[in-house]
There are 2 protein chains.
Amino acid sequence: MAAASKDTAMPLPTASTMVAPEWRVTIMEEGSSVKMEHEFGPARRAYLAVRAKVSTIVKMLWRMGADDPRKVVHGFKVGFALAVVSLFYYLRPLYDGVGGAAMWAVMTVVVIFEYTVGGSLYKGLNRAAATLTGGGLAVGVHYIASLTDEAWELVILNSSVFILASVVTFSRFVPAIKRRFDYGATIFILTFSLVAVSGYRVDQLVNLAQQRLSTIAIGISICLMVCMLICPVWAGSDLHYLIIRNMDKLAESLEGCVEEYFSGKEAQKARGYKCVINSKSSEDSLANLAAWEPAHGPFGFRHPWSQYQQVGAAMRSCAYCIEALHSSSHSEIQAPELMKRHLSEACIKLSSKSSGALKELSACMACMQSSECLSDMVKEMKEAVEEVKSALKSLPTQYNNELGLEKDDDNMVMKRQSLMESMPLVTVVSLLMEISVKVEGVAEAVEKLGGLAEFKPSGSKF
Amino acid sequence: MAAASKDTAMPLPTASTMVAPEWRVTIMEEGSSVKMEHEFGPARRAYLAVRAKVSTIVKMLWRMGADDPRKVVHGFKVGFALAVVSLFYYLRPLYDGVGGAAMWAVMTVVVIFEYTVGGSLYKGLNRAAATLTGGGLAVGVHYIASLTDEAWELVILNSSVFILASVVTFSRFVPAIKRRFDYGATIFILTFSLVAVSGYRVDQLVNLAQQRLSTIAIGISICLMVCMLICPVWAGSDLHYLIIRNMDKLAESLEGCVEEYFSGKEAQKARGYKCVINSKSSEDSLANLAAWEPAHGPFGFRHPWSQYQQVGAAMRSCAYCIEALHSSSHSEIQAPELMKRHLSEACIKLSSKSSGALKELSACMACMQSSECLSDMVKEMKEAVEEVKSALKSLPTQYNNELGLEKDDDNMVMKRQSLMESMPLVTVVSLLMEISVKVEGVAEAVEKLGGLAEFKPSGSKF
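Residues numbered from 1 in each chain as written. Chains lettered and ligands numbered in written order. Predicted model: local features only at pLDDT ≥ 70, side-chain atom pairs only at ≥ 80, totals over all residues. Heavy atoms only, no water.

In the nomenclature of an unreviewed UniProt entry, chain A is known as Aluminum-activated malate transporter 10 of Dendrobium chrysotoxum.

Student: Explanation requested: the overall build of chain A in the structure shown.
Tutor: The secondary structure content of chain A amounts to 19 helices and zero strands. Across the 462 residues of chain A, 52% fall into the buried class. (Helix = DSSP H or I, 4+ residues; strand = E, 2+ residues; numbered from the N terminus. Buried < 20%, exposed > 50% of the residue type's maximum accessible area, 1.4 Å probe, protein only.)

Student: Would you mind going over the pattern of salt bridges with me for this structure?
Tutor: Once the charged atoms of two side chains with opposite charge are near each other, the side chains can pair. For the structure on display, the rule yields 26 salt bridges over all chains. Between Glu380 of chain B and Lys353 of chain B there is a salt bridge whose closest N-O contact spans 2.7 Å. Of this pair, Glu380 of chain B sits in helix H16 (residues 374-393) while Lys353 of chain B sits in helix H15 (residues 337-367), and the two are 27 residues apart along the sequence. Glu380 of chain B sits in the partly exposed class, given a relative accessible area of 34%. Linked by salt bridges that have partners in common, Asp68, Arg70 and Asp238 of chain A make up one network. (Salt bridge = Lys/Arg side-chain N within 4 Å of Asp/Glu carboxyl O.)

Student: Teacher, can you tell me more about the packing of aromatic side chains here?
Tutor: Both the distance between ring centres and the angle between the ring planes are used here to describe each pair of aromatic rings. Applying the stated criterion across every chain, the model contains 17 aromatic pairs over all chains. Each ring, one from Tyr115 of chain A and one from Phe173 of chain B, has its centre 5.0 Å from the other, and the planes form 75°; the classification is edge-to-face. Taken together, the positions of Tyr115 of chain A in the loop between helix H6 (103-112) and helix H7 (117-146) and Phe173 of chain B in the loop between helix H8 (150-171) and helix H9 (175-198) put the pair across two chains. On the basis of relative accessible area, Phe173 of chain B is assigned to the buried category, the value being 19%. Put simply, the rings of Tyr115 of chain A together with Phe170 and Phe173 of chain B touch in pairs and so form one group of aromatic residues. The side chain of Lys123 of chain A reaches across the aromatic face of Tyr183 of chain A, ending 4.9 Å from its centre. Above the plane of the ring of Tyr261 of chain A lies Lys340 of chain A, whose end atom (NZ or CZ) is 4.4 Å from the centre. (Phe/Tyr/Trp six-rings, centres within 6.5 Å; stacked < 30°, edge-to-face > 60°. Lys NZ or Arg CZ within 6 Å of the ring centre and 35° of its normal.)

Student: Could you clarify how one ought to interpret the UniProt feature "transmembrane region" (unreviewed entry) in chain A in this entry?
Tutor: Residue and element names in this part refer to chain A. Per the UniProt entry, the sites bearing "transmembrane region" (unreviewed entry) are residues 72-91, 97-116, 128-145, 151-171, 183-202 and 214-235 in this numbering. Across residues 128-145 one finds 100% helix and 0% strand; the C-alpha atoms that close the span lie 25 Å apart. The distance from the first to the last C-alpha atom of residues 151-171 is 30 Å, and the span holds 100% helix and 0% strand. (UniProt positions renumbered as here; feature names shortened; annotations may be inferred.)

Student: Can you help me understand the environment of Arg70 of chain A in this one?
Tutor: All names here are of chain A. Examined against the element boundaries, Arg70 turns out to sit in helix H4 (residues 69-90). A residue is classified by how much of its surface remains accessible, and Arg70, at 34% relative accessible area, is partly exposed. Along the chain, Arg70 and Glu345 lie 275 residues apart, while their C-alpha atoms are 45 Å from each other. Those residues in contact with Arg70 that sit more than four places away from it in its chain are Tyr115, Val233 and Asp238. (Contact = heavy atoms within 4.5 Å.)

Student: Any chance you could explain the side chain of Gln307 of chain A here in plain terms?
Tutor: When you line up the elements, Gln307 of chain A lands in helix H14 (residues 305-329). Those residues in contact with Gln307 of chain A, other than ones at most four positions away along the chain, are Ala445, Lys448, Leu449 and Leu452 of chain A.

Student: Is there a simple way to think about the environment of Ile230 of chain A in this case?
Tutor: Residue placement: Ile230 of chain A occurs in the loop between helix H10 (205-229) and helix H11 (235-263). With sequence-adjacent residues up to four places away left out, Ile230 of chain A is seen in contact with Lys77, Phe80 and Met225 of chain A.

Student: Honestly, a nonpolar patch on the surface in this entry has me stumped. Any pointers?
Tutor: Residues and elements named next belong to chain A. A surface patch of nonpolar side chains, amounting to about 400 Å² of accessible area, comprises Phe80, Met225, Leu229 and Ile230. Relative to the assigned elements, Phe80 resides in helix H4. On the basis of relative accessible area, Phe80 is assigned to the partly exposed category, the value being 40%. (Patch = residues over 30% accessible without salt bridge, like charges linked within 9 Å, V, L, I, M, F, W, Y side chains within 5 Å. Areas by Shrake-Rupley, 256 points an atom, 1.4 Å probe, with all protein chains shown as cover.)

Student: Can you help me understand the packing of H14 of chain A against helix H14 (residues 305-329) of chain B in this one?
Tutor: When two helices pack together, their arrangement is given by the angle between the helix axes and by the axis-to-axis distance. At their nearest, the axes of H14 of chain A and H14 of chain B sit 8 Å apart, and the two run at 105° to each other. On the basis of their axis angle, the class for H14 of chain A and H14 of chain B is roughly perpendicular. Mapping the contact onto sequence places Ser317, Tyr320, Glu323 and Ala324 of chain A in H14 of chain A and Ser317, Tyr320, Glu323 and Ala324 of chain B in H14 of chain B. Tallied by class, the residues present in the contact of H14 of chain A with H14 of chain B amount to four nonpolar, two polar and two charged. (Axes fitted to C-alpha atoms, helices over the stretch in contact; angles between N-to-C directions. Parallel < 35°, antiparallel > 145°, perpendicular 65-115°, else oblique. Nonpolar A, V, L, I, M, F, W, Y, C, P; charged D, E, K, R; others polar.)

Student: Explain unusual backbone geometry to me, please; I cannot follow it from the model alone.
Tutor: Excluding glycine, residues mostly carry a negative phi; peptide bonds, for their part, are mostly trans. The backbone phi angle of Cys231 of chain A is positive, close to 35°, even though this residue is not glycine. Of note, Cys231 of chain A is situated in the loop between H10 and H11.

Student: Explanation requested: the packing of H11 of chain A against helix H13 (residues 280-290) of chain A in the structure shown.
Tutor: All names here are of chain A. Packing of H11 against H13 brings their axes to within 8 Å, and their N-to-C directions diverge by 145°. Seen along the crossing, H11 lies across H13 with a hand that is left-handed. Across the interface between the two elements, Ala235, Gly236, Asp238, Leu239, Leu242, Ile243 and Asn246 from H11 touch Ser282, Glu283, Leu286, Ala287, Leu289 and Ala290 from H13. The residue makeup of the contact of H11 with H13, split by class, is eight nonpolar, three polar and two charged. (Left-handed = near helix turned anticlockwise from the far one by under 90°.)

Student: Would you mind going over H15 of chain B with me for this structure?
Tutor: Along an α-helix, a turn takes 3.6 residues, which lines up residues three or four apart on a common side. Residue and element names in this part refer to chain B. The terminal C-alpha atoms of H15, which comprises 31 residues, lie 43 Å apart, in line with the 45 Å expected from a rise of 1.5 Å per residue. Taken as a whole, H15 carries its principal kink of about 45° at Ser344. Once H15 finishes, Met368 follows within two positions and takes phi at roughly 50°, a positive value. (Expected span 1.5 Å × (residues − 1). Bend = angle between axes of the 7 residues up to and from the residue.)

Student: Can you help me understand the state of the cysteines in this one?
Tutor: Chemically, a disulfide is nothing more than a covalent bond linking the sulfur atoms of two cysteines. All told, the structure shown has zero disulfides over all chains when counted by the stated rule. Cys227 of chain B supplies the cysteine sulfur nearest to Cys223 of chain B, a cysteine that is in no disulfide, at a spacing of 5.9 Å. (Disulfide = S-S within 2.5 Å.)

Student: Mind showing me how you'd approach the side chain of His303 of chain A here?
Tutor: Residue and element names in this part refer to chain A. Its location among the elements puts His303 in the loop between H13 and H14. On the accessibility criterion, His303 (8% relative accessible area) is buried. Setting aside chain neighbours within four positions, we find His303 in contact with Tyr308, Met368 and Ala453.

Student: It is not clear to me how the nonpolar core should be interpreted in this structure. Could you clarify?
Tutor: Within soluble globular proteins, side chains that are nonpolar generally end up buried alongside one another. The biggest cluster of nonpolar side chains holds 141 residues, and the ones touching the most others in it are Met247, Leu250 and Met365 of chain A together with Met247, Leu250 and Met365 of chain B. With near-sequence residues (within four places) excluded, Met365 of chain B lies in contact with His240, Ile243, Ile244, Met247, Tyr308, Val446, Leu449 and Phe455 of chain B. Residues Val110, Val168 and Phe188 of chain A together with Val85 of chain B belong to the second largest nonpolar core, which totals 92 residues. (Core = buried A, V, L, I, M, F, W, Y, C linked by side-chain atoms within 4.5 Å.)

Written out as structure tokens, the structure reads:
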């Protein structure tokens, strides 16, 4: 239905794709396609619409896959892991070994297989730990309950489920638990309830628990092996490169904004700061998942992933200023050309120094070396700030001189005008100076990261 | 271990809490507590540390519960739903009815019970639909496979699992599917795999599927009834009030920042904009969940929840400017007091008009009425902008006059000085004007919301 109703919005079929309409149209003229469409029966129209829709979706999926082939590989990895674990059902010898509980292996693979290694490890370890503790506790409660008579047993088991589920559910609101053990808390409640409750029926509770644990362990191992050995996607590296990419975008959009303002030409790269503003939640989730990952590539086991969040925060604080700069530079009041020209050189220099420092920082992070020239670059950036200040100080004199005004009665009017008109320009300049302070903040955060992650001294071979 | 090693960081026990140290200390002097601590045995020290840790955690939980009692209620609701569903295991007649598959009811309740009604509905409906379609498809594939010989059966079943899991996993990367059917995709793969695979063993597949579906339906119904009937938490209302609260915070922090700048006193409320900046992900997830909710309170079934995201975006764009204003107002260069005093009245008026408009907007949203005086307020805000402009125009004259300067040779120096010094002030003023533009953007977004949600005309009784 939705597809059919959208068919007017679809690109109309061209003559070459139209085969076998219900009434034949002998002459096809350009522009007649709208009329022709009505000559198809409703079924045919629906078919064409669906076909167009499907082809749009397929194209979109194809583009998505081509943009990031890792996503396609992830799909195949999940399929492969499931196919492997299914063998535990099909092949008799294995089947007799783990029994009907093999279902748990399939379930485990489906629910814990995540895109990143960190995600799979987080869920896998949470599931293992929660199954063990939940199951153990349930067996304990069940043992105590079995010492009493049947009515009390019911009360004890049911109220223990009630109390534990309530407390653990509430504890999921604690931020630290939510971040690390949210999935574990769910599985803990699930396992406890299932074991406590099923124990009431099944005598060989411990035996059952053992079987179930072994199948869950099989599921987790298969899942983690496939996830980590076949084209692994590490949350840590993803975070690392996300921050580097964002830092480059920030540098480019700073340059772009200033260029745009002084040249008046639209620069596409000027919008890059928006990515930085919007990537907080990705950074947070990647940093959380990266903490579960073992050492990989250049990153050690206790790589300071949370410091990346600090770098991200410093970058966002810079991006907010660029956003304000971007709005101010599109203000309706335009500063007089002469003034703009006077300041443009110093401003462009400052912005290129600031963005140069950002690029240097991203290059440092990319090769995980501490920078040799960073402190010089920061110093140059500060000098550029001073130059902008002195350009600003010399501004009114020059401005008035060029207009050839002498100190006469008109001067006062001139001055007034200039302060009002120069407002957006002054704002841009002041925000540029503010941005250079924020860039220093980013530099500090990256330096702290370098200290924590033990970046190599510059010049050393990687 | 962690608790014990942290014991030095804990507040040291005071004399009154120290009972029965292992060696008695007869004289307790102030400052001696550090020494005394060493006189406890390690077990005692660990006990004290653990006790302090536990009491900290309990206090934190208590505060969390007192701040938002709905979280405590949610815990009890989950416990209650689980206790109810457990009765399906305990009570024989019911047990015989739904069989061992009752486990699925418990599992369903645990995994789909979410904090908000929208979350539970999203998961419940996704689970129901995915179980039906996944199960149905698996039965179909199993039927086709059963027509062939055993070797082919294995190949067909296993490759269908591989292909479906790969395709569906990949489709989860499509943003629209991720937003609405992420959980459903997981359950689809899970059900398909389990049924396709278990069908190879169990003859009465349809019968089993029926049982399983009925238990899942029982689980979903119990879960949704408890979730919706006992103190329901609606994602929609939460989103509505989050936006209103944030709008008030934005208004207050705008006023606060300007006050802080002109009076020089720290205003606590000036930091409120940070909440607005950081609430994007909450808004997005609440808006996604709210779309699943039925009509509740003043909100109809197709309430335009996505427009709330637009309002949120407009507010964030305003908040970025306030952040820049906040940084600029803490700049090291301070504008001369006279200039500041000259502009303060107009600026404070503009900020109070802007924040007044925001407050009016939040009040409109709170009672879901369109505002009578909003357009007047926006007009007044624009007038205030003009007043600021004219104050700015009259500034140098007055400034110089008050200093008693005549147009002489010093004048030029004076002027230069003033442009440099006035820079942060000009920036603050310019950002204030920019903010008033952003407030208009918020007003437009709220008006559009009012149109879509059919806000009542102002003055009508609610």
